[in-house]
Amino acid sequence: MAVRMDEGTLKLLRAGDVGDLSDIDSAAIAFGAGSAETLSALQPVIEVMGECSENESMGEMWMELADELPQRIIAAQVEQRRGENFERMVGVLRSWHTAPIYAVLSAKKAELAPGMQEQLLASLTAQEGAQAAEQGAWKGVKLALHADGDLLEQFSVLQQMQIQDALKGMPLYIMTQVRDNSLVVVVCSDPQQAQLPEGTAQSVLAGAGTAFMGAHAKPLAALSLEPNLYAALNNCRMSPTRTMTGLCSGVFKTMAEQDAASRPLYQTAVQAVDNIARQLETLSPAETRPVTLLAWSDDKLHIEMESDAHGMVMQPAATPEVNSPNTILSVRADRCVGGTVHLDWPTLLTSCEQLADGMAATLEPESRFSAQSAMAQYRLFSNEAAQFGQAFSSWSGALDGSFALAIQADG
Amino acid sequence: MPASMVGGSPAQMVPVPRIVLSCGVQNRAGLNEGWNLLLHAAEQSLQKLGQDTSFLNELPVTTTASGEAALYTLALPFNCPDMSPTIAVTDSRLTIGSSAALCDSVVKAPGALPQQPSVSVVFRPKPLSDLLKAEADVMQDEDMAEAAENAAALSLFVREASATVTVTPADRMLLKVEVTPAE
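Everything quoted here is computed from the prediction, not taken from an experiment. Just so you know, the residues in each chain are numbered from 1, in the order the chain's sequence is written. Working convention: letters from A go to chains and numbers from 1 go to ligands, in the order in which they are written. Totals for whole chains, interfaces and linings use all residues, but because this is a predicted model, local features are given only for residues with pLDDT of at least 70 and pairs of side-chain atoms are given and counted only at 80 or more. Side-chain descriptors were evaluated using all non-hydrogen atoms of the structure, hydrogens and water having been removed beforehand.

Draft legend 1. Highlighting the overall build of chain A. The numbering of helices and of strands both runs from the N terminus, where a helix is a DSSP run of H or I of at least 4 residues and a strand a run of E of at least 2. When you go through chain A residue by residue, the secondary structure sums to 13 helices and 14 strands. By the burial criterion, 38% of the 411 residues in chain A qualify as buried. Should any heavy atoms of two residues lie within 4.5 Å, those residues are counted as being in contact. The long-range share in chain A, meaning contacts at least 24 apart out of those at least 6 apart in sequence, stands at 68%. Here the open area of atoms and residues is found with the Shrake-Rupley method and a 1.4 Å probe, where only the protein chains shown may cover a residue. Approximately 22100 Å² of chain A is accessible, and the part contributed by carbon and sulfur atoms is 58%. Buried, partly exposed and exposed residues are distinguished by accessible area as a fraction of the type maximum, computed with a 1.4 Å probe on protein chains only: under 20%, between the cut-offs, and over 50%, respectively.

Below, the structure written as structure tokens:
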């Protein structure tokens, strides 16, 4: 899997304080074999971190509300959960292995790349406990990892020492090498695994439909040297439905945490997204599948994605084309035999109601009252709304699934 | 100049978009049955509101021929060719639209079988910004003017965006997105 960022993207990133990027023309990140597993192995640690802070705040809230006996029970439960979290986290850290993750920084001028390497190495070796490391043409450092901050405070002194020991035992190298006009940086547990491909066939991009790059693309940093290739995923396992809905849920959950006034709205939005995800999964199953993706530009921007169709069968239909320069939106679909969405109207309507309730709860008192009155009026007709939904399902069930839709600005 | 206007005097005319949906039919009898269920649901809602439901069976509809199909157009109390809700049903297609003329052209349009089955979407921001701007000017609506400006800003960069999903016989799904920049 690889992603390329051009100068414009880097400028945007610079707004996020990532240091001086004036020497860099473009950057690419490539995840070699095993890197996806490395990142997914992080998941338990992230879960523990999230759960720890949640447990603490919930525990505190209950303690304030409860009498003495329940207080003791709550304290014991929080303590037990804390112990379980500690075991999970230390377990992950002890068996940790980072497969190589590459970053390629392409310099604006070839002579700038060695300077970029020197600068990076100097800042890395200045880290506390860092040791210089070399492996073939690679120069870098072995980092000394340690944890601090709020995360550790909840654990006992003994547990904190065990976590620090586990981190000390985690080898993490950052190695660098200059090739052509690029600085290649690799993060890994074993520098011997860091290898630069000698040809396009060895590249992480191999097989991702990169043949069009031909002899013009140099294999090492194909992404940084080929100005028109932006991103490539090669048989990366993912679930498009779960990825998208997971992302939406995550955003709403964060918003709910940060914005207390609008919390009910964001919480119901999370519920609504979960409901929509369940509906979508009837169309696109949630399990992961290998996805290949390529994004490049010529006179247009192109994004191509390929994955298995999961048994979805489509049949051509003689659908009329409704398209002209004045058409704002034109949609055309052939018959979809498998994977039709079966809308669960009662669930959909309940989701909409919950969302509207959540929105009403965030309004000013005077507006909230009128919104809640409108909702009360709607509830008088909720049976009729469900009946409409079922009637619509029955009506649309007589259609074959092919359609053409057009919205035109004028005739 | 937008073709569709609703209103009395020219000063009050509001441009409207023309919308059409044409669907393949697999069971015409089932379509009629579903339609009756929809009417029944509408009738019950109106009755609960204490409204007279007889008008549902007395809608002012005109019928015109369009090839082998008949176009049923709802007569509205103003003269606007592109605001003429129309429906046409045959054994193979159901066409619903806001404009009788557009429905007529879609019903008569030959539907050729594509080489590979697909779902495609095409979006153009320029005609959208033109339409919104014309509506905002007539209605003096600031929100709409802002939406028109946003669409116009997008149209400076993008002339057309399209996406196509194809499912191959070998159980592969291909998604192609193309963004054509504005000239």
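Draft legend 2. Spotlight on a nonpolar patch on the surface. Patches were defined on residues exceeding 30% relative accessible area and lacking a salt bridge, with like-charge contacts within 9 Å and nonpolar side-chain contacts (Val, Leu, Ile, Met, Phe, Trp, Tyr) within 5 Å. The working definition used for a salt bridge is a side-chain nitrogen of Lys or Arg within 4 Å of a carboxyl oxygen of Asp or Glu. Residues B:Phe55, B:Leu59, B:Val61 and B:Tyr72 make up a contiguous nonpolar surface patch of roughly 360 Å² in combined accessible area. Accessibility expressed as a relative area gives 41% for B:Val61, which makes it partly exposed.

Draft legend 3. Region of the structure containing the environment of A:Met305. The topology assignment puts A:Met305 in strand β10 (residues 301–308). Residue classification places A:Met305 among the partly exposed residues on the basis of a relative accessible area of 21%. Put simply, A:Met305 and A:Val291 are 14 residues apart on the chain and 7.0 Å apart in space, counted from C-alpha to C-alpha. In this structure A:Met305 touches A:Val291, A:Thr292, A:Leu293, B:Met173, B:Leu174 and B:Leu175, once residues within four positions along its chain are discounted.

Draft legend 4. Quick look at unusual backbone geometry. At B:Gln140, a position not held by glycine, the phi torsion is positive, near 55 degrees. Owing to a relative accessible area of 67%, B:Gln140 belongs among the exposed residues under this scheme.

Draft legend 5. Inspection of the pairing of strand β6 (residues 86–89) of chain B at higher detail. All names here are of chain B. Across the two faces of β6 the burial differs, with Thr86 and Ala88 buried and Ile87 and Val89 not buried at all. When DSSP locates at least two bridges between a pair of strands, those strands are taken to pair. Pairing analysis gives three bridges linking strand β5 (residues 69–74) to β6, with the strands arranged antiparallel. Across the sheet, residue threonine 73 finds its bridge partner in β6, namely threonine 86. Hairpin connection, β6 to strand β7 (residues 93–97): the antiparallel pair is bridged by three residues.

Draft legend 6. Geometry of the nonpolar core. All names here are of chain A. Counting residues in hydrophobic clusters, the biggest one holds 13 residues, and the most contacted among them are Tyr102, Trp138, Tyr173, Met175, Val184, Val186 and Leu196. Looking at this core, the elements that each hand over two or more residues are β2 (24–31), β3 (101–107), β6 (173–179) and β7 (182–188). No other element matches β7, which puts three residues into this core. When neighbours within four sequence positions are excluded, valine 186 is seen to be in contact with Pro100, Ile101, Tyr102, Trp138, Tyr173, Ile174, Met175 and Ala194. Here the nonpolar core consists of buried residues drawn from Ala, Val, Leu, Ile, Met, Phe, Trp, Tyr and Cys, with membership extended through side-chain atoms lying within 4.5 Å. The next biggest cluster of nonpolar side chains, apart from the first, holds 12 residues, and it includes Met89, Phe155, Ala166 and Leu167.

Draft legend 7. A look at the interface of chain A and chain B. Every contact between the two is made by 59 residues of chain A and, on the other side, 63 residues of chain B. In this description, buried area is defined as the sum, over both parts, of the accessible area (probe of 1.4 Å) that is lost when the two are combined. Around 5400 Å² of area is buried between chain A and chain B when both sides are counted, 58% of it from carbon and sulfur atoms. Sorting the residues of chain A by area buried against chain B places A:Met314, A:Ile328 and A:Trp395 first, and these three jointly supply 12% of that buried surface. At the boundary of chain A with chain B, the tally comes to three salt bridges. In this structure, B:Lys48 and A:Glu384 form a salt bridge, with 3.5 Å as the shortest nitrogen-oxygen distance. Among the secondary structure elements, those contributing two or more residues to the side of chain A that touches chain B are β10, β11 (314–315), β12 (327–333), α13 (382–396) and β14 (399–408) of chain A. For the side of chain A that touches chain B, the leading source of residues is β14(A), giving 10 residues. Nonpolar residues are Ala, Val, Leu, Ile, Met, Phe, Trp, Tyr, Cys and Pro. Charged residues are Asp, Glu, Lys and Arg, and all others, Gly as well, are polar. Here the side of chain A that touches chain B is built from residues that sort into 30 nonpolar, 18 polar and 11 charged.

Draft legend 8. Inspection of the pairing of β14(A) at higher detail. In this structure, β12(A) lies alongside β14(A), joined through six bridges in antiparallel fashion. Across the sheet, residue A:Val331 finds its bridge partner in β14(A), namely A:Leu405. Sheet topology places β14(A) next to strand β3 (residues 18–25) of chain B; seven bridges connect them, and they run antiparallel. Across the sheet, the residue bridging to A:Leu399 is B:Val25, located in β3(B).

Draft legend 9. Broad picture of the pattern of salt bridges. All names here are of chain B. Per the counting criterion, the structure on display carries 11 salt bridges over all chains. Across the salt bridge formed by lysine 126 and aspartate 130, the nearest N and O atoms sit 3.2 Å from each other. Of this pair, lysine 126 and aspartate 130 are both found in helix α3 (residues 125–139), four residues apart, which corresponds to roughly one turn of the helix.

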